[in-house]
Amino acid sequence: MSGRLAVIGLGPGDARFLTPEAADEIAGADALYGYAPYLARLPEQAGQARHASDNREEIARASAALDHAAGGARVAIVSGGDPGVFAMAAAVCEAIDSGPAAWREIEIRVVPGITAMLAVAAAVGAPLGHDFCAISLSDNLKPWDLVERRLDAAASAGFAIALYNPASKARPWQLGAAFDRLRQHLPPATPVIFGRAVGRADERVTVAALADADPAHADMATLVIIGSAATRAIARRGLPPLVYSPRSARA
Ligand code: SAH
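Per chain, residue numbering runs from 1 following the sequence as it is written. For this predicted model, a pLDDT threshold of at least 70 governs which residues receive local features, and a threshold of 80 or more governs which side-chain atom pairs are given and counted, while totals over whole chains, interfaces and linings are taken from all residues. Where side-chain values are given, they derive from all heavy atoms of the structure, hydrogens and water being excluded.

*Asks:* How would you explain the overall build of the protein if you had to name every residue and give the values?
*Replies:* Elements are defined by DSSP. Helices are runs of H or I of four residues or more, strands are runs of E of two residues or more, and each kind is numbered from the N terminus. Check the secondary structure of the protein and you find seven helices and 13 strands. We take the radius of gyration over the C-alpha atoms and set the globule estimate at 2.2 Å times the residue count to the 0.38 power. Taking 251 residues into account, the globule formula puts the C-alpha radius of gyration at 18 Å, and the protein, at 20 Å, falls close to it. For the protein, the C-alpha atoms occupy an extent of roughly 60 × 40 × 35 Å along the three principal directions. Any residue under 20% of the maximum accessible area for its type is buried, any over 50% is exposed, and the rest in between are partly exposed; the area is computed with a 1.4 Å probe on protein chains only. Residues counted as buried form 44% of the 251 residues belonging to the protein. Should any heavy atoms of two residues lie within 4.5 Å, those residues are considered in contact. In the protein, 68% of the contacts between residues at least 6 apart in sequence involve partners at least 24 apart. Charged side chains in the protein number 24 positive and 26 negative. The centres of these two groups are separated by 8 Å. Here the positive residues are Lys and Arg and the negative ones are Asp and Glu; neither His nor the chain ends is included. For charged residues, the charge sits on one atom: NZ in Lys, CZ in Arg, CG in Asp, CD in Glu.

Below, the structure written as structure tokens:
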């Protein structure tokens, strides 16, 4: 008997960001799996089991949810933002790829959500209005020299860059090293946006120039966007700057 596994994006913050599709999937699930703070965002529902786990246990969480679904249940795994962006959807696919044949019969539904970079970009204007890329600064799942090569390639190719996982207590120096690296490719005035806890009550968004961007402004709840050489910050009296990347570029 094979069940159904939905991998659901909750969006960046409070319930306003949850899509109606995600809300329907959550309401119809027999059991919810996820990182404890994400589950805590959702109201308890009678008869619905909850399995909270630690942030680092993604493959174990995916496997437990797949086992549960393989028994015929409707199971949901929740992720912050979008489940396909540095999150559970890839972990579920990896687990199926190397797991028992029975898991391939489970109906898998990935439900998209608003990813952090889009929420942060929207808070300041349109810094991702032209070509851009997303890089996780975490070196837990890839070596640091690969991160550096990707930063060099992206900045020199003219992409604006969204940096996920810019810093944590265990990774205190990586963002400073990334800024040093990017200063070799980009003008000192390039806008850098720090978006912390966007979509939540304690949201804080600030804009700095790359020359004096302070890595201490970022923690694990922060997403950092570094503009391309073409990205502009429009100063406004009494209002925060409007940051945008023009829609056209020259060779
Ligand atoms: N799946 C998530 C990303 C998970 S990686 C998504 O699509 O948004 C975790 C990183 O996402 C954090 O370190 C931070 O860089 C970013 N992030 C998640 N929620 C955020 C929020 N509300 N505000 C700012 N950054 C956020």
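There is more to say after this.
*Asks:* Could you give an account of the pairing of strand β13 (residues 239-244), with specific residues and numbers?
*Replies:* Here a strand pair is declared whenever DSSP counts at least two bridges between the two strands. With two bridges joining them, strand β6 (residues 125-126) and β13 adopt parallel strand pairing. Bridging from a neighbouring strand, Ala126 pairs with Tyr244 of β13. In this structure, strand β12 (residues 232-236) lies alongside β13, joined through four bridges in antiparallel fashion. Bridging from a neighbouring strand, Ala233 pairs with Val243 of β13.

*Asks:* Give me the site of the ligand: which residues, what numbers.
*Replies:* In the vicinity of the ligand lie 20 residues, with Asp82, Val85, Thr115, Met220 and Thr222 positioned nearest. What qualifies as a polar contact is a pair of N or O atoms within 3.5 Å, subject to a donor-acceptor requirement within protein and to the restriction that residues adjacent in sequence count only when both atoms come from side chains. The separation between an oxygen atom of the ligand and a polar main-chain atom of Asp82 is 2.8 Å. One of the backbone N or O atoms of Ala116 is found 2.9 Å from an oxygen atom in the ligand. To measure how exposed things are, a 1.4 Å probe is used in the Shrake-Rupley method; for residues, cover is taken only from the protein chains shown. In isolation the ligand offers 540 Å² of accessible surface; the protein chains occlude 93% of this area. Gly falls in the polar group here, along with every residue not listed as nonpolar (Ala, Val, Leu, Ile, Met, Phe, Trp, Tyr, Cys, Pro) or charged (Asp, Glu, Lys, Arg). Considered class by class, the residues forming the shell around the ligand number twelve nonpolar, six polar and two charged. Here, proximity means that at least one heavy atom of the residue falls within 4 Å of the molecule or strand.

*Asks:* For the nonpolar core, give the residues involved together with the corresponding values.
*Replies:* Counting 22 residues, the largest nonpolar core has Leu163, Phe179 and Val224 as the members making the most contacts within it. Every element with two or more residues in this core is listed here: β7 (132-136), α6 (144-156), β8 (160-164), α7 (174-183), β9 (191-196) and β11 (222-226). At five residues, α6 tops the list of elements feeding residues into this core. Sequence-distant contacts of Phe179, that is, excluding residues within four places in its chain, are made with Val192, Phe194, Leu210, Ala213, Asp214, Pro215, Val224 and Ile226. In terms of nonpolar packing, the next biggest core, distinct from the first, is built from 19 residues, Tyr33, Ile77, Met88 and Ile106 among them. Residues grouped as a nonpolar core are buried Ala, Val, Leu, Ile, Met, Phe, Trp, Tyr and Cys residues, joined through side-chain atoms within 4.5 Å.

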